Amino acid sequence: MENLLKEMGKRLVERRKQLRLTQEEVAERADLTTQTISTAETGKKALRPANIISICAALDISPDYLLLGRISGEDRSILSQKVSQLSPEQYRHLEDVVDSFIAVAIPNEK
C-alpha cells in the first residue's frame, strides 16, 4: 500500500508541474486544503474517494491514471477534446510535434 501511495504522489507532482500549478492552486481547483495535496504528493496518507475525484478533475486526468498509472479511454477523450479545438493549421503543427516526439521516444530498432 505504501508503494502505491508513493507512486500516486509522484504522478500528482508530475502532472501538477506539467500544468505549472502550485499545490495551493491545485487545492483551490479541487476545493481541498493545501495540506491534503501535500500529503497526497508525499504518499504519507491515502486519499478519500471523493478527494481522488476532485483532484483528478482539477488536474484533468482520470482516476485510472492517478491510481494505477494507466492511460484510459477517459484520458484519451480529454486529449481528443483539446485537440478538437485546434485550427487545421494548428492540428498539422501538433501532428509534426507528435511525430518528432515519437521518433525520439520510441527509436526505430533496425
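Here is a short report on the structure shown in this document. (Residues numbered from 1 in each chain as written. Predicted model: local features only at pLDDT ≥ 70, side-chain atom pairs only at ≥ 80, totals over all residues. Heavy atoms only, no water.)

Examining a nonpolar patch on the surface
Taken together, the side chains of Leu86, Tyr91, Leu94, Val97, Val98, Phe101, Ile102 and Ile106 define a hydrophobic patch exposed on the protein surface, amounting to about 720 Å² of accessible area. In this structure, isoleucine 106 sits in the segment after helix H7 (88-105). (Patch = residues over 30% accessible without salt bridge, like charges linked within 9 Å, V, L, I, M, F, W, Y side chains within 5 Å. Areas by Shrake-Rupley, 256 points an atom, 1.4 Å probe, with all protein chains shown as cover. Salt bridge = Lys/Arg side-chain N within 4 Å of Asp/Glu carboxyl O. Helix = DSSP H or I, 4+ residues; strand = E, 2+ residues; numbered from the N terminus.)

Things to note about the side chain of threonine 39
Within the element layout of this structure, threonine 39 appears in helix H3 (residues 34-42). When neighbours within four sequence positions are excluded, threonine 39 is seen to be in contact with Lys44 and Lys45. (Contact = heavy atoms within 4.5 Å.)

Quick notes on unusual backbone geometry
The phi angle at aspartate 31 is positive, at roughly 60°, despite the residue not being glycine. Counting through the fold element by element, aspartate 31 comes out in the loop between helix H2 (23-30) and H3. For aspartate 31, a relative accessible area of 72% translates into the label exposed. Of note, the phi angle at aspartate 60 is positive, near 55°, even though the residue is not glycine. Within the fold, aspartate 60 resides in the loop between helix H4 (49-59) and helix H5 (63-68). (Buried < 20%, exposed > 50% of the residue type's maximum accessible area, 1.4 Å probe, protein only.)

Looking at the pattern of salt bridges
Evaluation of the coordinates by the stated rule reveals 4 salt bridges. The shortest N-O distance in the salt bridge between glutamate 41 and arginine 16 comes to 2.6 Å. Residue glutamate 41 is found in helix H3, and its partner arginine 16 is found in helix H1 (residues 2-18); the two are separated by 25 residues along the sequence. Note that arginine 92 and glutamate 95 form a salt bridge whose closest N and O atoms lie 2.6 Å from each other. Here the residue arginine 92 and the residue glutamate 95 both occupy positions in helix H7, the gap between them amounting to 3 residues, near one helical turn.

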